[in-house]
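# Fold and geometry: a report
Spelled out, the chains give:
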Protein chains: 4
Amino acid sequence: MPTESESNAASTAVAEAPPTASLTERFKQIRNFTEELCRPLVTEDYVVQSMQDVSPTKWHLSHTCWFFENFILTVEVPSYQSPDPSYAYLFNSYYVQSGERYSRPHRGFLTRPTVEEVYHYRAHVDRHMVELLETASEDVIQRVAPLVELGLNHEQQHQELLLTDIKHVFSMNPMYPVYRESGSSEESAPTQPIEWVEYAGGVQEIGHTGDGFAYDIEGPPHRVFLEPYKLASRLVTNGDYIEFMEAGGYQNPVLWLSDGWAIVEAQGWEAPIYWEKHDGTWCLFTLSGLREVRKNEPASHISYYEADAYARWAGARLPTETEWEAAAQGVEMNGNFVESKVFHPVPLDHAAAETPAQLFGDLWEWTSSHYSAYPGYKPAESAVGEYNGKFMCNQFVLRGGSCATPQSHIRITYRNFFPATARWQFAGIRLVRD
Amino acid sequence: MPTESESNAASTAVAEAPPTASLTERFKQIRNFTEELCRPLVTEDYVVQSMQDVSPTKWHLSHTCWFFENFILTVEVPSYQSPDPSYAYLFNSYYVQSGERYSRPHRGFLTRPTVEEVYHYRAHVDRHMVELLETASEDVIQRVAPLVELGLNHEQQHQELLLTDIKHVFSMNPMYPVYRESGSSEESAPTQPIEWVEYAGGVQEIGHTGDGFAYDIEGPPHRVFLEPYKLASRLVTNGDYIEFMEAGGYQNPVLWLSDGWAIVEAQGWEAPIYWEKHDGTWCLFTLSGLREVRKNEPASHISYYEADAYARWAGARLPTETEWEAAAQGVEMNGNFVESKVFHPVPLDHAAAETPAQLFGDLWEWTSSHYSAYPGYKPAESAVGEYNGKFMCNQFVLRGGSCATPQSHIRITYRNFFPATARWQFAGIRLVRD
Amino acid sequence: MPTESESNAASTAVAEAPPTASLTERFKQIRNFTEELCRPLVTEDYVVQSMQDVSPTKWHLSHTCWFFENFILTVEVPSYQSPDPSYAYLFNSYYVQSGERYSRPHRGFLTRPTVEEVYHYRAHVDRHMVELLETASEDVIQRVAPLVELGLNHEQQHQELLLTDIKHVFSMNPMYPVYRESGSSEESAPTQPIEWVEYAGGVQEIGHTGDGFAYDIEGPPHRVFLEPYKLASRLVTNGDYIEFMEAGGYQNPVLWLSDGWAIVEAQGWEAPIYWEKHDGTWCLFTLSGLREVRKNEPASHISYYEADAYARWAGARLPTETEWEAAAQGVEMNGNFVESKVFHPVPLDHAAAETPAQLFGDLWEWTSSHYSAYPGYKPAESAVGEYNGKFMCNQFVLRGGSCATPQSHIRITYRNFFPATARWQFAGIRLVRD
Amino acid sequence: MPTESESNAASTAVAEAPPTASLTERFKQIRNFTEELCRPLVTEDYVVQSMQDVSPTKWHLSHTCWFFENFILTVEVPSYQSPDPSYAYLFNSYYVQSGERYSRPHRGFLTRPTVEEVYHYRAHVDRHMVELLETASEDVIQRVAPLVELGLNHEQQHQELLLTDIKHVFSMNPMYPVYRESGSSEESAPTQPIEWVEYAGGVQEIGHTGDGFAYDIEGPPHRVFLEPYKLASRLVTNGDYIEFMEAGGYQNPVLWLSDGWAIVEAQGWEAPIYWEKHDGTWCLFTLSGLREVRKNEPASHISYYEADAYARWAGARLPTETEWEAAAQGVEMNGNFVESKVFHPVPLDHAAAETPAQLFGDLWEWTSSHYSAYPGYKPAESAVGEYNGKFMCNQFVLRGGSCATPQSHIRITYRNFFPATARWQFAGIRLVRD
């Protein structure tokens, strides 16, 4: 995702607007789910920005309102008024065509609007949106539906960010706040070794083609030529990763990209973020608090640099995004998504089958592909489409969604992206071999 | 005040402990007043740290508890337990002899303890402190009273910081939150021109001598030799300061200290902090919100660099701290202190008399004296006294208290100190001439 | 090229060692040419490092010696001794397997070895290398020849860097030092408008295949699938670029990548580096000193961000590296290389033909391709091959060579790479359209 | 000395111009001595700036020319022309009234003018200056003589800086260049313990009074009141300082000023600058190269923070500048100055006498006095006097001169000043007790 922790904003790819009734229902359901995710939080939790990549919960709640307000309500509803004229400035993220905006690194300095006012803002926007969707003419609905669809996908992205951001905020606190009490407290059976699923390569069709929603950067569909490759049957686990650490992975520059090694040295990396050694035991900060590392869980909160170094150490490499997508075609999109309310990757409880496991959910999977335009890519003209391409620089593509991603949000063609340094996302490692 | 926005921690100068009863009363009164100052705030306001010099309100409320807990309760009350073991780590400011502490620039990352828990912490400490004061033997009281006195003065310093810090937090918000509604809305009569009050100089006795409480750095009392000088009859006003600005004060390097000019250029200073030009009119952010600059008010939130440049432009200079103290001897300590609940300097409403006006309250007055030890100064041995001297580097002394200072906290010998760059305090300019 | 301003170090792709005699001759010729390029310099010029990307001339001269010394002489000649034991530390660039090395940003702090000593170092290494090449057994030659070839290509890369670096050093000096007097002083005829050369796309073979030398990253050869595209018949000129500037290109965020716009704002970019406005006229600092911008010259010293923004403004885009390579196949590799000793791009003096002009020489051409591994890429095992892949992150590929590149160094498959921010190289813009 | 490594520029205190003849002789002698100090250097040594506080030798040689050119020749000699018009820009240090100037941190980027041109510049200025002094009317001489005197003192300050700066440059080089071969190679007899010389205090006259030259900040003379104190009979030695180090001085925050400790931690200070541990032995980089630390030599290259921490550990303190000056009154100004050409402090070879030893020469002595104006201080009006006061912020006064100071440059009233962080000067520790 872009620096603004928000991505893929525009779509012109929606062939048909969905039926009004169902869109309204989906609108209510998705907007409600955002608030449901906030239920474990106290007022103070909504305010803090623990690093520049993080936004306060309050800001996520408001910015998603602003998106509907700015791109739909102020355009379609002449009488619409925002609860406060400063919201347009405060809650614009990075849309320069939509006007000036509040400095991103200062979002944590805003004590007002209060959390209560923010919820009023949400109710205000919801009321006007539902009224619009229920009363507008068919013409208007045809015009508005793609934007609503976009706004809902946008909302879902912020559901994930809300979780990864509050996790980072909590991690700064030596009191180790708990977002949701965990059920299991024991480590389950060990994970089976990785097996390698073979793919023949050749000319492959890549990119979004169907009728449903997709971000513009998932198309146009196009052909690529792939050499044969073998994909790992599962994600790399904490147990695998500890072997890398114990083999001196963080001490050996030969394993690292040059820029990655510079960060290892400058920031003293010795383990993934959220790992802490207590009395000689590796512990892990999770949304259920601090506990021991479990070896059979997928290794999470890995940066690209760490994923790449691990793969080199393991005698493998990371897949390209086209290798990943070709392998994922035809695989059912089940997995540990946000709806499971575990908020953490879970161990694989079965042996590897013919199809790679954990392709969807659990953890985003780093690919070796820099985030770039597909051939023939054209961003939309207006502000809403202004920014899909503007992050096509110095980021890598991740695929498959995570335990913080809504299941309905993911697609085989979905392209997430983050800089090589990003560690606070639920991202892990899938290996590939030639 | 030191980098830790806290100062003058130790005193061994209290000759006699005050009577127990009255100390308990004062304890309750001062602790209550801190909470009274927080009444206009909503929960979200307590959390934010808008720059490194600022601490969140929550932190001020807790750190002042920690002071009593760490230096008195854990020493004198064997059964005492803090509500949470992490508080000792979270709320120690800079006392290395009291153990490790949480990183100062990260104080705004703490969502927990919640505001409610912080108030419980206060009640908890208050209950144990009052119980101690009411039930301890005379011996214990004799030993504890100076530390209680110190803790109360410490509390009062944080009352002032709490106000200056929340003002800075609010100033970052384009919604211009209001701490306290202002009464007057019109500018009153113009201020009389400055007159010059003459002093003969010679050998002067400087420093604290009496029985009452004073910080250790206010002594030992000693003699200094002063040349004759003339002190301005009042503070510099906004009207005076606008003349400096309109004469190109912020554009003329000849008026500035070399380091000051470097900051003017690097940070683009064009006016004091909290001044904003709206439609060609200078406005001022105050604790009562944004409003037009009033020319007859004392110019506030001035850094040392600005005060020094202004004085040079005005053909005068800033007083030394000994000149200030010698002039203040015998003057009544009345003025616009925090008890007036104006939270802003007020215009001088009478003509100059034989005594300089506004010496106390309204604004701290920058002196040209670097903050250094008086001859024979010895800090106390223990942690409580550890740090009075450790800030004696690269700071300037300010005198007289401000509209955010409790009146009972101020003394003629009181030495406040801040770096030359500090602008977020209620500090202003008093001129002197040879 | 990598952060270390040096790239593509290893090759295992040399099928046959060239005949010994000719290798020795080429060794002498290329080593001599490096020194010939230094002839216009005075002693002081050799010392300075004007930014971290730049190395002092002295360092280039020594580091290229170290390369032969470290990878060949110390391995093959048991009796070989370096003139000074500290050279191995001082002149290793980034080869961690070759031991510790002197801090890169401090290279400009080294007054010793002196320039004279550096030339002795070169003579010392040359003498031993020639002796080795002339006396070694055929077996040794077979083993050594690929490394010599690599060292010579490495030397040629530093010839280019030596020129771009001294240009940057000179540019910091208000005396505008002249490296080489310029011949022409007048602007010649205007350039013809861009025409568009069409390519059909489809499956294309990409990467190095022949017997001659190539860096390992130019292979393995592989197939890619291209959509049809149209390549501009010439480079973008200063005249073209001025239109972009005058249309507000540097003031319009919509044209820029998000990271690019952040730099435009942070560093106040208003024109390419080396452009200065004097009395309302755009002037250009060149290796022949400061002079007016000539509209018919290719626009040079352009960063990726600027190239990308220009292309967007022009309704076009930058080519991918495979589009570029497919178009270059079969085109003769003539052009304005370093041997012409102009040290600056020259205007195109003929109308566009069926083949795009200026593909080789004049300016490196930014492609939209992030620098990544070709399928099946494997770096060599030893230190010499250690680092080809370690720069595969956050850099873009450039193609075709420049007026500072030796002609014998370039290939159709040659992949140069720099970060999107790099401006001090001779890099320009070739447009492409779908 | 100020940030610009130059200080005390103006004087209006010269009562009578010295006789012309002798001034010309002194002019020649002092200007020659600067060049004599450069004789051990090779061309490359003149170019480098190893940190912002350091200037290249070339720059010192040129800036001192510029001083005479700018303040005397361009004013008094209408036909005078500088060798190059850019020199006025390149070699102005910080005199804003004399026009724009080249960025200080970029002085090491200037390869031109060459060293040879710089010597021509010196010869050019010398020729015109001598001609002026030899041919001008008595009126002109009267006017010019104080400025010449100032320029010569300025030149002498740069003689010292030239040495401390080249030492720092050389220290960055692992080849350990030698400025001047050292004579002695063995450590001599141990130093006698410190004794304490008592002073009665009371009202003291401080500041420059005589007819000779002094910087304006040395006056006006004035009275101060001192408590009784005892001054250490000699400087702190390396042996003394090693005891502090071995007692954990660099690990104990209680000994340090708060800002000092922050630097110890941030920069990993474990010893004075130029100390390096080789095979378990403390070595010292000197202008005669690297060699073992000798315990009987005065501890040098100490920052204020280290001096202050050492004094606290030793149960003493640093003297105020008035204590130092009062003690120095009547002491002969002999010592190890630059004329001895040792360029390093030497061990004290005799037992302590009634007078403190080493007050002059060897090492500047940190005082606890922030650098501030004396009562009644008025800087001169013009550019030449513009800057004496502009450094009166966040610096401490040092007294007595060093082994790099010309003997004729020093006075009992001489006030040198540097920030508390400065380590590259020949500065050491004199203790005092109440």
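Heads up: the structure comes first, above all this text.
Description of the structure in this document. (Residues numbered from 1 in each chain as written. Chains lettered and ligands numbered in written order. Predicted model: local features only at pLDDT ≥ 70, side-chain atom pairs only at ≥ 80, totals over all residues. Heavy atoms only, no water.)

A word on the pattern of salt bridges. If you walk through the whole model with that rule in mind, you get 84 salt bridges over all chains. Two residues, Asp434 of chain A and Arg317 of chain A, come together in a salt bridge whose shortest N-O distance is 2.9 Å. Of the two residues, Asp434 of chain A sits in the segment after β12 (432-433) while Arg317 of chain A sits in the loop between α8 (304-313) and α9 (321-328), which places them 117 residues apart along the sequence. The exposure class assigned to Asp434 of chain A is partly exposed, which follows from its relative accessible area of 45%. Across the salt bridge formed by Glu325 of chain D and Arg399 of chain D, the nearest N and O atoms sit 2.8 Å from each other. With Glu325 of chain D in helix α9 (residues 321-328) and Arg399 of chain D in strand β9 (residues 396-399), this residue pair connects regions lying 74 residues apart in the sequence. Among the charged side chains, a salt-bridge network with shared partners connects Arg31, Glu35, Arg122, Asp126 and Glu155 of chain A. (Salt bridge = Lys/Arg side-chain N within 4 Å of Asp/Glu carboxyl O. Helix = DSSP H or I, 4+ residues; strand = E, 2+ residues; numbered from the N terminus. Buried < 20%, exposed > 50% of the residue type's maximum accessible area, 1.4 Å probe, protein only.)

Turning to the sheet that holds strand β1 (residues 196-199) of chain B, a few remarks are in order. Residues and elements named next belong to chain B. Here we have three strands laid out as an open sheet, ordered β1-β4-β12, and antiparallel in their pairing. Each edge of the open sheet is held by one strand with a lone partner, namely β1 and β12 (432-433). When β1 meets strand β4 (residues 229-232), the two strands line up antiparallel, connected through four bridges. Looking across to β4, one finds that Glu198 is bridged to Lys230. Packing of helix α9 (residues 321-328) onto the sheet brings it into contact with β1, β4 and β12, and relative to β4 it is tilted by some 75°. (Pairing = 2+ DSSP bridges. Contact = heavy atoms within 4.5 Å. Axes fitted to C-alpha atoms, helices over the stretch in contact; angles between N-to-C directions.)

After a rotation of 180° and a shift along the axis of 0.0 Å, chain D superposes on chain C with an RMSD of 0.0 Å. Considering both components of the superposition, the chain copies are consistent with a two-fold axis. Relative to the rotation axis, the C-alpha of Glu44 of chain D is the closest in chain D, positioned 3.0 Å from it. Mapped onto chain C, 100% of the interface residues of chain D again fall at the interface, so both copies present the same surface. (Least-squares fit on C-alpha atoms with pLDDT ≥ 70 in both.)

A separate point is the packing of aromatic side chains. Tallied over the full model, the rule gives 148 aromatic pairs over all chains. An angle of 70° between the planes, with centres 5.4 Å apart, marks the rings of Phe71 of chain D and Tyr95 of chain D as edge-to-face. A residue pair is termed long-range when its members are at least 10 positions apart, and Phe71 of chain D in helix α2 (residues 57-76) and Tyr95 of chain D in the loop between α3 (87-90) and α4 (115-135) qualify at 24 residues. Each member of the pair, Phe71 of chain D as well as Tyr95 of chain D, is classed as buried. Ring-pair connections join several aromatic residues into one group, and the members of that group are Tyr241, Phe244, Tyr250, Trp256, Trp261, Trp275, Trp282, Tyr310 and Trp313 of chain B. A cation over a ring is seen here: Arg415 of chain B above Tyr374 of chain B, with NZ or CZ 4.0 Å from the ring centre. (Phe/Tyr/Trp six-rings, centres within 6.5 Å; stacked < 30°, edge-to-face > 60°. Lys NZ or Arg CZ within 6 Å of the ring centre and 35° of its normal.)

Residue and element names in this part refer to chain B. With four of five residues buried, strand β3 (residues 222-226) is to be regarded as a mostly interior element. Bridge count for strand β2 (residues 202-206) against β3 is five bridges, and the pairing is antiparallel. Across the sheet, Gln204 pairs through a bridge with Val224, a residue of β3.

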